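# Analysis of the macromolecular model
Listed below, chain by chain, are the residues.
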Amino acid sequence: MIGRDAFRPHRLTRSDGMRAFRHRNYRLFFSGQAISLVGTWMQQVAQAWLVLELTHDPVWLGIVAAAQFLPVMILGLFAGVAADALPKRRVLIWTQTAMMILAAVLAALVIGGVVQVWMILVLAFLLGIANAVDMPVRQAFSIELVGREDIGNAVALNSAMFNGARVIGPAAAGLAIAAFGVGPAFVINAFSFLAVIIGLRLMDERDLQVPTRIARPESARAVVSDLREGLAFVRRTQIVLLAVVVVGSVATVGMNFGVLIPAFAQDDLGSGAAGYGFLMAASGVGSLLAAVRLVFGGRPRAIRLANGALIVGVASLALAVTREFPVALGLMVLIGFGSILMAATGNATIQLAVPDQLRGRVMSVYTTVFSASVPVGGLAMGAVASAFGAAAAIALGGALTLLIGFGALAWGRGGAFETVSAPTSSGGMLTGSARPR
């Protein structure tokens, strides 16, 4: 049983790099997410392999990705309004429960031997609806767990936790698929959601640092007004706009791992499911190294947005031409490092720049743009891979990512890199539509 004693801070919390662990609620959140994300990564690898086995065409990987993330594109911004108006912990309990049920249904279909591609598409779409609400709420929830003083460290630790799971999950999935088939990965994912739900229920609401919520909008006009306020903040705040544009663009053209790497492993490297799992795990190793670097790297530096994009671009171009598995593993480490150096820096700089009462709506813009990259980029790169091969699609993505990285350097040196701020309250930064509850 998970008890209070299991989450007491130890010596690690004395380090500046671990200061978010001073907060019991954050320790509960971190522990639950760390367990659940291993299952999530196992399912992602297993689902991609299952789709490829059923269809033998990488374009279907893009279609499934589009089905899962299309709801986020449509509903994500509205969920940002909900994140600023509703109690986040309770919303997360409901979304995590819904995702657990969907994972259990997919596990039953696979084990029963009746799964078909259209069933995967339907479940992916329903999962996307749950994610549309969960993502901005979860992003905005971090500051309630640790406060503004420790939010940068919490974001870096969240990234380290996410990418630690990204190392373990794909490797475990690859070995499990090779030994037992895809079924066990889906079962493990379904049970892993219990860790998050239990952690959320054990939290002490009195310790949450809840900002003043906006009034729940009671008309379509009020919802639109709240949405416009979040969008206006993004548009007029250079560092936030830079982070959204750079991360969204690179994710669209250069981070389509779930679509391209299964076909690349199978067709270009001649490796099976285990090889695919280890390639994804290698990118997780690089991502984890980047996250650890950010944990102990002090205040976020916006120039890392551009540096991360440049690393991804160069490593992707090299990956496209290699046919040696060990070399590919090393390049995937670099790609993972650059990806998280960029994405986690973008997340942290936005969190530091946004006032509390706009946090949900601004983070929903970030998560919506990031999520839109999956269906758009997945379909586009999946089509390129289907027509010209996965290596050609990876090379194209690498070249475009390099251009984006150089563009980010030029934009940032024009002044955007100097605009990171940490507003202490919503104060005068809000317009009239943020109505205190």
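Now for a description of the structure that goes with this document. Keep in mind it's a predicted model, so treat the numbers as computed, not measured. (Residues numbered from 1 in each chain as written. Predicted model: local features only at pLDDT ≥ 70, side-chain atom pairs only at ≥ 80, totals over all residues. Heavy atoms only, no water.)

It is worth spelling out the pattern of salt bridges at this point. Overall, the coordinates contain nine salt bridges when judged by the stated rule. Residues R361 and E229 are paired through a salt bridge, measuring 2.9 Å at the closest nitrogen-oxygen approach. In this pair, R361 sits in helix α13 (residues 359-388) while E229 sits in helix α7 (residues 220-236), placing the two residues 132 residues apart along the sequence. For the pair R361 and E229, one class covers both residues: buried. Counted as one network, the salt bridges with shared partners bring together R19, R22 and D150. (Salt bridge = Lys/Arg side-chain N within 4 Å of Asp/Glu carboxyl O. Helix = DSSP H or I, 4+ residues; strand = E, 2+ residues; numbered from the N terminus. Buried < 20%, exposed > 50% of the residue type's maximum accessible area, 1.4 Å probe, protein only.)

What follows is about the packing of helix α5 (residues 151-180) against helix α10 (residues 273-295). Packing of α5 against α10 brings their axes to within 7 Å, and their N-to-C directions diverge by 165°. Between α5 and α10, the angle is such that the two are roughly antiparallel. Note that α5 runs across α10; the crossing there is left-handed. Looking at side-chain class alone, the contact of α5 with α10 contains 19 nonpolar, nine polar and one charged residues. (Axes fitted to C-alpha atoms, helices over the stretch in contact; angles between N-to-C directions. Parallel < 35°, antiparallel > 145°, perpendicular 65-115°, else oblique. Left-handed = near helix turned anticlockwise from the far one by under 90°. Nonpolar A, V, L, I, M, F, W, Y, C, P; charged D, E, K, R; others polar.)

Within the secondary structure layout, S142 lies in helix α4 (residues 117-146). A relative accessible area of 3% places S142 in the buried class. In contact with S142, other than residues within four places in its own chain, are I151 and N158. (Contact = heavy atoms within 4.5 Å.)

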